[in-house]
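Survey of secondary and tertiary structure
Each chain, letter by letter, is given below.
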Protein chains: 2
Amino acid sequence: MVDPFVMYREVLALRGMRVTPQRLMILQVIDEGHGHLTADQIGDRIRAKFPAIHQGTIYRTLEVLREAGLVSETHLGDRSAVYELVGSHPHHHLVCDNCGQVIEIGDAMLAPLRAALFNQFGFRARTEHFAIFGLCADCARQPEPTPGA
Amino acid sequence: MVDPFVMYREVLALRGMRVTPQRLMILQVIDEGHGHLTADQIGDRIRAKFPAIHQGTIYRTLEVLREAGLVSETHLGDRSAVYELVGSHPHHHLVCDNCGQVIEIGDAMLAPLRAALFNQFGFRARTEHFAIFGLCADCARQPEPTPGA
DNA sequence: TTTTATGCAAAAGCTTTGCACGCCC
DNA sequence: GGGCGTGCAAAGCTTTTGCATAAAA
């Protein structure tokens, strides 16, 4: 098994980017989060073991990693974006508007739509990450949560 | 041609909601915006003719209208959500990650995907509004904008 | 040694909330 | 007249930014 830090180190160095402990930790946590973590959550996870890291650093690093094409940013509708490593297994998310549940689906499911969008509009839909909103099976069954009931 | 205000008035009254000039103006501007306006933009448009309206009122009203099922909220990824009347012609958006262009597409295009998601996951994808991110035809042609070039 | 990233803190946006007054029913 | 909605202002959150220091190359 390869030490992930070695891998991240190479990824950064190959692009002429500086290798810092903060960047290594951020990359690792993003990878572990499988595209489900917000900037705030990434910070919290790192701070649990390394309290000195500042949230400002998280934001700045995420921006740099994104510009370098290493990390993608996706807005799942709540408020904050979530991040994931580009090139990790392509998948997408079904987000339940009611309970907030996030269901992961494979990329193959979207292939026909992507082809159609490209044929008709020349639009290249992002393969990295796709968010679809709606109601999950459970919430669709009970139309309204009716808090008082 | 029907006076839209009369229509909005009925829509509110039928649900036992109070009819106020602010709510009528907000509904009209949302309708005119075709699902492309943020809360801030809605406020600006109204303030152009009726400066007294406060942005806090916009936010509170949008929340109420959304809870009543009259208005839907969609996050197009930038930062702020956009709003539109539920029941207006179903359409969706292709959002270019590079230039920010928003392309409107008909609902039929998503029917096969929606059917597949329901069959496999029991997931009911929202028909009201759907945002797909990627690169538009123009930006796909020139991979990198390269600001300095 | 030079350049670049980080910690810190303050500022900037956007959105929410408490309160008193005014309008809608 | 009673109750809900609005204007106003302040607070809350997330994200961005300036600066001096510390760390990487």
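Keep in mind it's a predicted model, so treat the numbers as computed, not measured.

This part covers the interface of chain B and chain A. Between chain B and chain A, the residue contacts involve 30 residues of the former and 30 residues of the latter. Both sides of the chain B and chain A interface together cover about 2,500 Å² of buried area, and 74% of this is carbon and sulfur. If you look at where chain B meets chain A, you find zero salt bridges. Linking chain B to chain A there are two residue pairs in polar contact (both at pLDDT 80 or more). Only β4 (91-96), β5 (102-106), α5 (111-121), β6 (124-125), β7 (131-135) and α6 (137-141) of chain B provide two or more residues apiece to the side of chain B that touches chain A. A per-class count over the side of chain B that touches chain A returns 21 nonpolar, five polar and four charged. Bridge analysis of strand β7 (residues 131-135) of chain A against β6 of chain B gives two bridges, and the strand direction is antiparallel.

Consecutive side chains of a regular strand alternate in pointing toward one face of the sheet and then the other. Residue and element names in this part refer to chain B. Among the five residues in strand β2 (residues 71-75), four count as buried, and that is most of the element. Here five bridges tie β2 to strand β3 (residues 81-85), and the two strands are oriented antiparallel to one another. Paired with V71 across the two strands is L85, which belongs to β3.

Calculation rules
Residues numbered from 1 in each chain as written. Chains lettered and ligands numbered in written order. Predicted model: local features only at pLDDT ≥ 70, side-chain atom pairs only at ≥ 80, totals over all residues. Heavy atoms only, no water. Contact = heavy atoms within 4.5 Å. Buried area = accessible area lost by both parts, 1.4 Å probe. Salt bridge = Lys/Arg side-chain N within 4 Å of Asp/Glu carboxyl O. Polar contact = N/O pair within 3.5 Å; in protein donor to acceptor, adjacent residues only side chain to side chain. Helix = DSSP H or I, 4+ residues; strand = E, 2+ residues; numbered from the N terminus. Nonpolar A, V, L, I, M, F, W, Y, C, P; charged D, E, K, R; others polar. Pairing = 2+ DSSP bridges. Buried < 20%, exposed > 50% of the residue type's maximum accessible area, 1.4 Å probe, protein only.

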